[in-house]
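# Breakdown of the fold
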Number of protein chains: 2
Amino acid sequence: MTETAPRPTLEAVAARAGVSRATVSRVVNGGDGVRDPLVERVRRAVDELGYVPNQAARSLVTKRHDAVAVVVAEPETRVFADPFFALQLRGISKELTAHDNQLVLLLTEGRDDHARVGRYLAGGHVDGALVFSLHLDDPLPGLIRRAGVPTVFGGRPGWSDGDGDSDGGDVVYVDSDNRGGARDAVRHLVGLGRTRVAHITGPLDQTSAADRLDGFRDVMPDADPRLVVPGDFTPAGGERAMRGLLDHCPDVDAVFAANDLTAAGALRVLREHGRRVPEDVAVIGFDDMLAVTEQTDPPLTTVRQDIEEMGRLMARLLLRGLDRRTAEVPGATRSGVVLPTTLVRRASA
Amino acid sequence: MTETAPRPTLEAVAARAGVSRATVSRVVNGGDGVRDPLVERVRRAVDELGYVPNQAARSLVTKRHDAVAVVVAEPETRVFADPFFALQLRGISKELTAHDNQLVLLLTEGRDDHARVGRYLAGGHVDGALVFSLHLDDPLPGLIRRAGVPTVFGGRPGWSDGDGDSDGGDVVYVDSDNRGGARDAVRHLVGLGRTRVAHITGPLDQTSAADRLDGFRDVMPDADPRLVVPGDFTPAGGERAMRGLLDHCPDVDAVFAANDLTAAGALRVLREHGRRVPEDVAVIGFDDMLAVTEQTDPPLTTVRQDIEEMGRLMARLLLRGLDRRTAEVPGATRSGVVLPTTLVRRASA
DNA sequence: TCGCCTTCCGAGAGCGCTCTCACGCCGGTC
DNA sequence: GACCGGCGTGAGAGCGCTCTCGGAAGGCGA
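Residues numbered from 1 in each chain as written. Chains lettered and ligands numbered in written order. Predicted model: local features only at pLDDT ≥ 70, side-chain atom pairs only at ≥ 80, totals over all residues. Heavy atoms only, no water.

For the rest of this paragraph, the subject is the overall build of chain A. In terms of helices and strands, chain A carries 14 helices and 12 strands. A burial count over chain A gives 56% of its 349 residues as buried. The long-range fraction of contacts in chain A, counting pairs at least 24 apart against all pairs at least 6 apart in sequence, stands at 70%. (Helix = DSSP H or I, 4+ residues; strand = E, 2+ residues; numbered from the N terminus. Buried < 20%, exposed > 50% of the residue type's maximum accessible area, 1.4 Å probe, protein only. Contact = heavy atoms within 4.5 Å.)

As structure tokens, then:
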């Protein structure tokens, strides 16, 4: 923990280059309006001294921080028992880095933390926030909105539809096309000639789960209600649901599971019961978590979403809102952008 | 993106409370040496105005940031296709939050990024760094050391042993007891009466993999060399290794796999070949990634490490080094702390 | 050649905070 | 009753930067 030598200041660079502080500042910040030879001299001085601007001093006057908060609520980190979290973060990180922004990570658990996050965001320590909050009843989005910080949500927040309140801030979010992906999956099953197609849902207080159910219903508006059974995005939930399904609808010949973990559970129960996949029952998941889809027996057909791209887009959208000279985001409406999904065919359907 | 009203300053609070800036500052920072009635008045003013200190201004003079960087190298995020990353981060986050520090996340990929991270750390934007870097040849640790930022490593860096160079900074790290855990696993197999115990290693340029191999050798110093086969921490690697093992040592009766994914691959090949687990071949993994260990057939016996605690300890160690009034870390040597592992018995061994 | 406009650079104020220092006031001592 | 010590408070400098503004220098038309 040795103390480092005092770092060079603008003043020092100016002295060495034989110019004023202002000129050095100009060069450091782009160098417009400074004649070439001077620019050159300043650059050299900067290099020689190893000058790095003091961000605190800069923020103090510019009121910008070049930092963005990423807020992840506790339940998410649980859900993210898969590469989801890491990938999204990676996308965000790449985009932020490309625009010289730092990523401040805020993990929350429990109500107290919400207050803390609210205070932090309201405290003006960051220029904006990227927020993950899948649950309908999550107080976080409200808090954050009130904090008055530019925000982009990951996943459609529960109240973004039909809310349209007049407090100014449009809700900006990035989501993947859960509904469309679900439709593709179910259509694929129908295309396979299946007639008794079941759906194991996710927790319906999450918009992603609700949207996938909607997609299922789009294709199967008249589905036997017993073919729609609740799950919870876990393998155990998938097992439970599948058992119930086999009990009440033994003639089921296809299952669209709300996610891959659920599908994995269902697969296990099907094998237990001697049903062949996909011959007797075809199965499709959602997410394409490789750790799961490639390891199941048989390998799982599923709906893939481009997680990393979601992260990248969130960051881009936010930065755009922050009025940086950032490339326009194609397909972005005022309220958000929905990324397409693709069906990945493996052996299970 | 509405502009928020200008936030109140110390000055404003002082005016409202009828005291000087200095007094408000004192109260905000603990209130020592200020008489009670005044403290009360200041507190009220702070509340009424919703005053939040401007961190930038504060940092500018204190030269502290109450922020810590977490540096994760690209290969890690790949490895972290499991809750590892999220859990560790959670532990870190909790500890930092408890001490009012922010977490700045730095994800790197490729050489350019190394330079960027080096610059950032050297730039004095954070008080310290937590670094994950498992590979022996990673240039990151060196860069970071040179940046002169207090650092704690996650996982023993390759060069921490026998290096003992004189550049001042002792290498502080937190790791789990890979070697001891491996010993426990292998001893368990031996205790089961197995005599032909194989080991599928991880990539040996990672200290965790090397340590696990060492642990294996501790118990089986005279193992048939053909029983030690290379893997790469992936299921595919596990499959490949297991196939080779069955080819060359068909009498193998136990496998200690370097991690759970590897074990999952091995398990699949064993089933393919009609070997019963654990009757014919007992299998043990490492990590206890629940998504894997509870899903394999049969459920995997494995060595568990307390990931979240690792993260928490890293943060605590760093904060301690930063000379905050932080609780002492029991069992921490100057160079780091090694957390115990526990054998979790399931059905596979 | 003169004046005017443009371009480039430097002086200086000030962002919001901390912290040192000096001063005022109090009680206690001789 | 004069003096001293200590505690509590305020004044003010200054952290390192940006940015406005004014002045110097140079180019061009008349």
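On we go from here.
Okay, the protein's contact with DNA strand D next. As a structural note, the neighbourhood of DNA strand D is formed by 27 residues, with L10, S25, Y51 and R58 of chain A together with T23 of chain B the closest of them. Sugar plus phosphate: this is where 66% of the atoms of DNA strand D within 4 Å of the protein reside. With respect to DNA strand D, the side chain of Y51 of chain A contributes an N or O atom lying 2.4 Å from a phosphate oxygen. With respect to DNA strand D, the side chain of R26 of chain B contributes an N or O atom lying 2.9 Å from a base nitrogen. For the surface near DNA strand D, the elements supplying multiple residues, two or more each, are helix 2 (21–28) and helix 4 (55–62) of chain A together with helix 2 (21–28) and helix 4 (55–62) of chain B. Take the surface near DNA strand D: its biggest share by element is five residues, from helix 4 of chain A. Looking at the surface near DNA strand D residue by residue, the class counts come to 13 nonpolar, eight polar and six charged. (Near = heavy atom within 4 Å. Polar contact = N/O pair within 3.5 Å; in protein donor to acceptor, adjacent residues only side chain to side chain. Nonpolar A, V, L, I, M, F, W, Y, C, P; charged D, E, K, R; others polar.)

So, on to the sheet that holds strand 7 (residues 228–229) of chain B. Residue and element names in this part refer to chain B. Pairing in this open sheet of four strands is parallel, and the strands run 7-6-8-9 from one edge to the other. This sheet does not close on itself; its edge strands, each paired only once, are strand 7 and strand 9 (282–284). Packing against the sheet, helix 9 (residues 178–191) makes contact with strand 6 (197–200), strand 8 (254–257) and strand 9, and its axis sits at approximately 170° to strand 8. Each of strand 6, strand 7 and strand 8 is contacted by helix 11 (residues 235–248), which is oriented at about 145° to strand 6, the strand it contacts most. (Pairing = 2+ DSSP bridges. Axes fitted to C-alpha atoms, helices over the stretch in contact; angles between N-to-C directions.)

Moving on: the protein's contact with DNA strand C. Neighbouring residues of DNA strand C: 27 residues in total, closest T23 and V34 of chain A together with L10, S25 and Y51 of chain B. Here, DNA strand C places atoms within 4 Å of the protein, and 67% of those atoms are sugar or phosphate. In the environment of DNA strand C, a base nitrogen lies 2.9 Å from a nitrogen or oxygen atom belonging to the side chain of R21 of chain A. One of the side-chain N or O atoms of T23 of chain A is found 2.4 Å from a phosphate oxygen in DNA strand C. When contributions to the surface near DNA strand C are tallied by element, the ones reaching two or more residues are helix 2 and helix 4 of chain A together with helix 2 and helix 4 of chain B. Ranked by residue count, the leading element in the surface near DNA strand C is helix 4 of chain B, at five residues. Partitioning the surface near DNA strand C into residue classes produces 13 nonpolar, eight polar and six charged.

Before going further, it helps to examine empty space enclosed by the protein. Applying the stated rule across the entire model yields four cavities of 30 Å³ or more. Within this model, the second largest cavity holds a volume of roughly 60 Å³. Lining of the second largest cavity is provided by S93, L96, T97, N101, Q102 and L103 of chain A together with L105, L106, L107 and R116 of chain B. Sorting the residues of the lining of the second largest cavity by element identifies helix 6 (83–98) and strand 2 (102–108) of chain A together with strand 2 (102–108) of chain B as the ones contributing at least two each. (1 Å grid on protein atoms, 1.4 Å probe; cavity = no way out; pocket = protein on both sides within 12 Å on 5 of 7 lines; lining within 4 Å. Points joined across faces, edges and corners; volume = space filled by probe spheres on them.)

Before going further, it helps to spend a moment on the relation of the copies chain A and chain B. It takes a turn of 180° to lay chain A on chain B, together with a shift of 0.1 Å along the axis; the resulting RMSD is 0.2 Å. On this basis, the relationship between the two copies can be described by a two-fold rotation axis. (Least-squares fit on C-alpha atoms with pLDDT ≥ 70 in both.)

Now for the interface of chain A and chain B. Chain A puts 45 residues into the contact, and the matching count from chain B is 45 residues. Summed over both partners, the interface of chain A with chain B comes to about 3900 Å²; 60% of that surface belongs to carbon and sulfur atoms. Between the two partners, chain A and chain B, sit three salt bridges. Between R90 of chain A and E109 of chain B there is a salt bridge, and its shortest N-O distance comes to 3.9 Å. It is helix 6 of chain A that contributes the most residues to the side of chain A that touches chain B, eight residues altogether. Looking at the side of chain A that touches chain B, its residues break down into 21 nonpolar, 15 polar and nine charged. In terms of strand pairing, strand 2 of chain A meets strand 2 of chain B through three bridges, oriented antiparallel. (Buried area = accessible area lost by both parts, 1.4 Å probe. Salt bridge = Lys/Arg side-chain N within 4 Å of Asp/Glu carboxyl O.)

So, to be careful, I would describe these as geometric facts and stop short of saying anything about function.
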